[in-house]
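Coordinate inspection notes
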Amino acid sequence: MRAAIWHSSGSIERRTGDGELIWDPYHESMDIENRRGLQLRRLRETVARVAVSVPLYSERLRGAGVDPCGLQSIDDLRHVPFTTKDDLRDTYPDGLFAVPSEEVVRIHGSSGTRGKPTLVGYTREDVDLWSDVMARTLGCAGGTSHDVLQIAYGYGLFTGGLGLHYGGERMGCTVVPMSAGNTRRQLTLMKDLGATLLACTPSYALTLAEEAREMGMAAEDLSLRSGLFGAEPWSDGMREQIEAQLGLRAYDIYGLSEVIGPGVSAECTAQSGLHVFDDHFIPEIVDPATGDPMPDGEDGELVFTCVSKRCLPLLRYRTGDISRLDRELCPCGRTHARMTRITGRTDDMLIIRGINVFPSQIEDVLMRVAGVAPHYRIIVSREGHRDALEVEVELAPEMFSDTIRGLESLEAKIVEELRATLSLTAKVRLVEPHTVERSMGKAKRVMDKRQGE
Ligand code: DLL
């Protein structure tokens with residue numbers, strides 16, 4: 001059931017049965033065939049434009065025999081060559097920009113944890129588009145102009161802070177631009193201003209919850225309703241912990257700077273996958289090894305083509321993120337394709353004694369075990385000729401005073417659960433509460449000491 005509400009701005013708001021606002025009902029709930037038509041028009045325009053304005057694309061398209069004006073359908077995308085992070089690095093800082101520098105109004109960058117940072121640029125129209133997809137993202141999480149949005153993503157080159165900021169203002173929320181850190185002050189303001197929406201990484205949400213407990217602040221003392229969490233992998237177990245500790249509903253939001261920043265896809269109140277704003281970013285899933293397109297419903301690497309950006313309209317950009325697509329209609333009324341939560345990256349798979357291990361599998365196990373806190377580290381090293389896996393996990397504060405026997409049996413239980421899931425024996429080390437370093441931004445949980453050996 002939907003209700004139409006006249007907005008003071010004159011636009012019509014459309015709400016789903018859950019009362020959630022569809023920010024841009026025309027584009028978000030568009031008939032699938034009409035959207036395919038829109039995608040194709042935008043794709044053609046973009047390919048034709050980059051073929052003349054970006055030398056790398058002129059060469060690549062010519063090399064692949066793709067006529068920039070000859071795309072007949074969205075399926076023809078598969079003939080277009082991929083773009084990779086290396087292409088951005090090789091053309092650093094702005095070799096893939098498709099507009100003259102006087103049109104660029106903003107630069108952002110990726111965190112650079114996996115090598116040299118890459119820079120991305122935005123025109124005024126791009127910032128506008130970004131604000132719009134961020135307003136859609138907030139709408140997905142039930143946000144409206146009545147909300148007070150506290151932003152605890154970092155501001156700066158990282159896209160989290162400013163992305164949410166512009167989206168919040170576009171929606172008309174009261175935006176509190178806290179940035180990450182200053183945790184106590186953050187909580188005091190959250191309480192005093194009655195923040196209803198919180199945006200930060202899931203690991204920082206846990207840090208905030210922990211600090212709130214220490215300040216004697218209960219979830220009921222805060223007014224939080226929804227959290228918009230992303231920028232790093234997290235599990236459903238982690239979601240439950242955050243929801244219980246902060247008294248809100250936790251929504252997954254996804255994006256990457258190369259595509260736009262946050263605002264590529266977002267979970268709605270149905271929480272069954274993230275709606276990809278595919279009128280702007282066309283998603284595909286490909287086999288990470290061969291690059292061959294994979295059918296909907298199968299896990300593979302996410303690839304995006306930006307069809308309406310001006311400055312950096314990347315074609316078939318390989319994200320390295322693993323997910324799958326679902327095109328079934330969602331009860332919320334949005335007709336966008338949905339992607340599942342990111343289960344890993346093509347480059348974060350650890351090979352330990354010949355067995356493939358994703359950090360997310362380890363997190364899933366830990367979140368199922370009662371008595372440990374959601375703070376952990378995964379350490380991989382070499383002992384002689386053998387790989388060794390160690391999982392360091394914090395005891396929940398209430399377990400800390402437990403007997404040695406109790407702790408040994410907890411350790412044994414985790415070892416057993418890990419063995420059942422990974423087919424590997426790990427060393428488990430239970431550590432005191434507060435010993436694992438807390439994160440303010442993207443948590444770094446894996447240490448592979450074999451690298452560089
Ligand atoms: O992390 C953009 C962002 C900011 C997304 C705030 C959501 C919220 P980058 O720094 O370029 O951009 O990092 C992009 O982060 O390729 C994924 O590997 C990871 N990532 C982002 N969102 C999620 C998520 C921002 N919801 C990289 N779940 C991406 C899992 C995520 N991983």
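Throughout what follows, the structure given in this document is the object of discussion. (Residues numbered from 1 in each chain as written. Predicted model: local features only at pLDDT ≥ 70, side-chain atom pairs only at ≥ 80, totals over all residues. Heavy atoms only, no water.)

What follows deals with the pairing of strand β5 (residues 119-123). Among the five residues in β5, five count as buried, and that is most of the element. Side-chain alternation along β5 places Leu119, Gly121 and Thr123 on one buried face and Val120 and Tyr122 on a second face that is also buried. Of the pairings in the sheet, the one linking strand β4 (residues 104-109) to β5 comprises five bridges and is antiparallel in character. Bridging from a neighbouring strand, Val104 pairs with Thr123 of β5. (Buried < 20%, exposed > 50% of the residue type's maximum accessible area, 1.4 Å probe, protein only. Helix = DSSP H or I, 4+ residues; strand = E, 2+ residues; numbered from the N terminus. Pairing = 2+ DSSP bridges.)

With that settled, the discussion passes to the environment of Thr137. Its place among the elements puts Thr137 in helix α5 (residues 124-140). It is 9.0 Å that separates the C-alpha atoms of Thr137 and His275, two residues lying 138 residues apart in sequence. Excluding residues that lie within four positions of it along the chain, Thr137 makes contacts with Leu228, Ile253, Gly263, Ala266 and Phe277. Within the structure, Thr137 has its side chain in polar contact with the backbone oxygen of Val133 (distance 2.8 Å). (Contact = heavy atoms within 4.5 Å. Polar contact = N/O pair within 3.5 Å; in protein donor to acceptor, adjacent residues only side chain to side chain.)

So, on to the site of the ligand. Contacts to the ligand come from 22 residues, most closely from Asp252, Ile253, Ser257, Asp321 and Lys442. Taking Ile253, its main chain carries an N or O atom lying 2.7 Å from a nitrogen atom of the ligand. At a separation of 2.6 Å, an oxygen atom of the ligand approaches a polar side-chain atom of Asp321. Within the residue set of the shell around the ligand, elements represented by two or more residues are α6 (159-171), β10 (249-256) and β11 (261-267). Here the shell around the ligand takes five residues from β10, the largest share from any one element. By residue class, the composition of the shell around the ligand is nine nonpolar, seven polar and six charged. (Near = heavy atom within 4 Å. Nonpolar A, V, L, I, M, F, W, Y, C, P; charged D, E, K, R; others polar.)

This brings us to the packing of helix α2 (residues 32-53) against helix α3 (residues 55-63). Relative orientation of the contacting elements α2 and α3 amounts to 110°, with a least axis distance of 5 Å. With respect to α3, the axis of α2 lies roughly perpendicular. Packed against α2, whose contacting residues are Val47, Val50, Ala51 and Ser53, the element α3 presents Pro55, Tyr57, Ser58 and Leu61 at the interface. (Axes fitted to C-alpha atoms, helices over the stretch in contact; angles between N-to-C directions. Parallel < 35°, antiparallel > 145°, perpendicular 65-115°, else oblique.)

A few words on the pattern of salt bridges. Counted under the stated rule, the structure contains 37 salt bridges. The salt bridge involving Arg429 is made with Glu390; its shortest N-O contact spans 2.8 Å. Pair noted here: Arg429 is in strand β23 (residues 427-431) and Glu390 is in strand β22 (residues 386-395), with a separation of 39 residues, a long-range link. Take Arg429: its relative accessible area is 39%, and that puts it in the partly exposed class. Asp448 is the partner of Arg450 in a salt bridge, and the nearest nitrogen-oxygen pair spans 2.9 Å. (Salt bridge = Lys/Arg side-chain N within 4 Å of Asp/Glu carboxyl O.)

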